[in-house]
Amino acid sequence: AIILFAVGYLIANVLGKAFTQLINLSRVDKLFENHNTDSFWTRAGFKFSLSKFVGGFIKWFIVIVFFMAAIKITGFDNVNMFLRQILVNYLPKVLITVIILIVATIVADVIKKLIVGSARGAKISSANMLGGIAYYAIWIFAFILVLLEFGIGGELVKTILNGFLITVAVAV
């Protein structure tokens, strides 16, 4: 079991580093720098690198799979079932959440720039405010999606969203 886990850990390290290098070569990280995502993550206190995230995710996914195989050999079925539940139920939600936040970062920045540029072109004095409203609306929507993905406050989020929509409908 220990040998299997050690081999799995070595394979996970190699594959994690390979995916990190592959994404570095594709220059996807440059895409995020062009959309000011780097400054967002820096302000939040993180040094975010998509290539390192994907490489680390793949590495630890493989480590957990090999760990589950080693646990199965030793006969600890309860631990194996617990890890399987994490692997099947929790990790995909984390991955989807990260994808939602990455897409929200890019879309919010692009939409903000588009609205500010269009509003300035139309000589609207509150161009920055309109861009800011769109930016934060996208982030609020992304935050709601993240909460719903983890199953946190689904009914509360739906009630708040319905109340907001009714308020907007009455105001119009």
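This structure is a prediction, so every number in the text was calculated from the model and none was measured.

Rules behind the numbers
Residues numbered from 1 in each chain as written. Predicted model: local features only at pLDDT ≥ 70, side-chain atom pairs only at ≥ 80, totals over all residues. Heavy atoms only, no water. Helix = DSSP H or I, 4+ residues; strand = E, 2+ residues; numbered from the N terminus. Buried < 20%, exposed > 50% of the residue type's maximum accessible area, 1.4 Å probe, protein only. Contact = heavy atoms within 4.5 Å. Core = buried A, V, L, I, M, F, W, Y, C linked by side-chain atoms within 4.5 Å. Expected span 1.5 Å × (residues − 1). pLDDT = per-residue confidence, 0-100. Axes fitted to C-alpha atoms, helices over the stretch in contact; angles between N-to-C directions. Parallel < 35°, antiparallel > 145°, perpendicular 65-115°, else oblique. Left-handed = near helix turned anticlockwise from the far one by under 90°. Salt bridge = Lys/Arg side-chain N within 4 Å of Asp/Glu carboxyl O.

Draft legend 1. Up close: the overall build of the chain. In terms of regular secondary structure, the chain is built from 7 helices and 0 strands. Looking at the chain as a whole, 28% of its 172 residues qualify as buried. Within the chain, contacts between residues separated by at least 24 positions form 68% of all contacts whose residues are at least 6 apart in sequence.

Draft legend 2. Spotlight on the nonpolar core. Ile100, Ala104, Ala108, Tyr135, Trp139, Ala142 and Val146 together form the largest nonpolar core, which totals 7 residues. Only α5 (77–121) and α6 (127–149) provide two or more residues apiece to this core. In terms of residues, this core owes the most to one element, α6, which gives 4 residues. Residues in contact with Val146, not counting those within four places in the same chain, are Thr97, Ile100 and Leu101.

Draft legend 3. Layout of helix α1 (residues 2–26). The end-to-end C-alpha separation of α1 is 36 Å, in line with the 36 Å expected for 25 residues at 1.5 Å each. Along α1, the residues that are buried comprise Gly8, Ala12, Asn13, Gly16, Thr20 and Ile23. Of the residues flanking the end of α1, it is Arg27, one or two places downstream, whose phi is positive at about 60°.

Draft legend 4. Summary view of the confidence of the model for the chain. Counting all residues, the mean pLDDT for the chain is 83, and 88% of those residues have values of 70 or more. No element of the chain has a lower mean pLDDT than helix α3 (residues 37–43), at 59, and none a higher one than α1, at 89.

Draft legend 5. Main features of helix α4 (residues 50–74). A rise of 1.5 Å per residue sets the reference length of α4, with its 25 residues, at 36 Å; its end C-alpha atoms lie 36 Å apart and thus fit the reference within 8%. Listed in full, the buried residues belonging to α4 are Leu50, Ser51, Gly55, Ile58, Lys59, Ile62, Val63, Met68, Ala70 and Ile71. Positive backbone phi, approximately 95°, marks Gly75, located one or two places after α4.

Draft legend 6. The arrangement of the packing of α1 against α4 in detail. Running from N to C, α1 and α4 point in directions that differ by 165°, and their axes come no closer than 8 Å. In terms of orientation, α1 lies roughly antiparallel with respect to α4. Pair α1 / α4 crosses with right-handed handedness.

Draft legend 7. Spotlight on unusual backbone geometry. One non-glycine residue, Lys123, lies in positive phi territory at about 60°. Here Lys123 is to be found in the loop between α5 and α6.

Draft legend 8. Up close: the pattern of salt bridges. Tallied over the full model, the rule gives 1 salt bridge. We note a salt bridge from Asp109 to Lys113, for which the minimum N-O separation is 3.3 Å. Note that Asp109 and Lys113 are positioned in helix α5 at a spacing of 4 residues, about one turn of the helix.

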